[in-house]
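Structural description and commentary
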Amino acid sequence: MFYRTDTNDHGLPHDPFKAIVSPRPIGWISTRALDGRVNLAPYSFFNAISDKPKLVMFSSVGMKDSASFAIESGEFVANLATAPLAMALNRSSAPAPRGGSEFAISGLTEADCEIVAAPRVRESPAALECQVTQSFTPIGLDGRPSENVMVIGEVVGIHIDERILRDGMVSMELAEPLSRLGYLDYAVTREVFQMRRPREADASDLPTAR
Ligand SMILES: Cc1cc2nc3c(=O)[nH]c(=O)nc-3n(C[C@H](O)[C@H](O)[C@H](O)COP(=O)(O)O)c2cc1C
């Protein structure tokens, strides 16, 4: 099948777009507003976008608290979402009652960061302390703004729980990261394999076209 997205008439019961751009890593974003309020919420529009400097971004559908707190304070933390924390992560996606914190309603503990004022999730085995470098509204082909606000931050400090280190490397088999698929689906990475990049093009091991 093929469909154009200007009409989006895919004829399927649900829009398949996000199911195709998957699995997406989940940035579990913690922030502290200037008035001290703490916030925690998952964002699957999240990824690393540069290594030098180390930059990550999350994208908010509308100006939600995570984006607004990150922009006003200039800081956020991206905590690693893992399978044992799936229920807590899901709970933290519900808006907290007035005056309450998603940490409390999710049964999670705030841990102090080293550089930024926002707390990190103590139960998460890795966290990226970030300082905001840019925030903007991406545009479509017609120049019209998307409904999203994209927040980019430079990673200024990294926490790693040594329980997820094996032979000095972060082991995703030990961490069991959670990722977001389409619809209501999630995946857990439990199986990992290695491939070394070839030094030069070599098609001898490719299947022959029929
Ligand atoms: C796994 C998962 C991924 C999500 N990803 C996004 C996302 O990328 N962008 C977004 O705006 N909302 C996303 N949400 C919904 C937000 O987490 C939810 O609206 C939350 O209440 C926002 O909280 P905040 O206003 O405190 O930032 C996601 C929810 C879940 C459960």
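Everything discussed here concerns the structure shown above.
Structural notes, computed from the coordinates. A quick note: this is a predicted structure, and the numbers were derived from the prediction, not measured. (Residues numbered from 1 in each chain as written. Predicted model: local features only at pLDDT ≥ 70, side-chain atom pairs only at ≥ 80, totals over all residues. Heavy atoms only, no water.)

Looking at the element boundaries, Ser92 is found in the loop between helix H3 (86-91) and helix H4 (102-105). For Ser92, a relative accessible area of 1% gives the class buried. Separated by 2.8 Å, the side chains of Ser92 and Trp28 make a polar contact. Ignoring sequence-local partners within four residues, the contact set of Ser92 consists of Trp28, Leu40, Ala41, Pro42, Glu102 and Ser106. (Helix = DSSP H or I, 4+ residues; strand = E, 2+ residues; numbered from the N terminus. Buried < 20%, exposed > 50% of the residue type's maximum accessible area, 1.4 Å probe, protein only. Polar contact = N/O pair within 3.5 Å; in protein donor to acceptor, adjacent residues only side chain to side chain. Contact = heavy atoms within 4.5 Å.)

On to the packing of aromatic side chains. Scanning all chains against the criterion turns up 2 aromatic pairs. Note on Phe58 and Phe76: the rings are 5.1 Å apart at their centroids and 80° apart in plane angle, and the pair reads as edge-to-face. With Phe58 in strand S5 (residues 55-61) and Phe76 in strand S6 (residues 75-80), this residue pair connects regions lying 18 residues apart in the sequence. Aromatic ring contacts, followed pair by pair, group Tyr43, Phe58 and Phe76 into a single cluster. Note that Arg180 overlies the ring of Tyr186, its terminal NZ or CZ placed 4.7 Å from the centroid. (Phe/Tyr/Trp six-rings, centres within 6.5 Å; stacked < 30°, edge-to-face > 60°. Lys NZ or Arg CZ within 6 Å of the ring centre and 35° of its normal.)

This brings us to the site of the ligand. Around the ligand sit 17 residues, and of these Asn39, Tyr43, Val61, Ser66 and Ser93 come closest. Asn39 is positioned such that a nitrogen or oxygen atom in its side chain is 2.7 Å from an oxygen atom of the ligand. Taking Val61, its main chain carries an N or O atom lying 2.7 Å from an oxygen atom of the ligand. Protein burial of the ligand: of its 650 Å² of free accessible surface, 84% is covered by the chains. According to the grid-proximity analysis, the pocket containing the ligand is the largest pocket. The leading source of residues in the shell around the ligand is strand S3 (residues 38-43), at 4 residues. Tallied by class, the residues present in the shell around the ligand amount to 7 nonpolar, 6 polar and 4 charged. (Near = heavy atom within 4 Å. Areas by Shrake-Rupley, 256 points an atom, 1.4 Å probe, with all protein chains shown as cover. 1 Å grid on protein atoms, 1.4 Å probe; cavity = no way out; pocket = protein on both sides within 12 Å on 5 of 7 lines; lining within 4 Å. Sits in = over half its atoms within 2 Å of the grid points. Nonpolar A, V, L, I, M, F, W, Y, C, P; charged D, E, K, R; others polar.)

A separate point is the environment of Leu181. With respect to the helices and strands, the residue Leu181 is situated in the loop between strand S13 (178-180) and strand S14 (186-188). As a C-alpha pair, Leu181 and Ile164 span 17 residues in sequence and 24 Å in three-dimensional space. Among residues more than four places away in sequence, those in contact with Leu181 are Lys18, Ser22, Pro23, Arg24, Tyr186 and Ala187.

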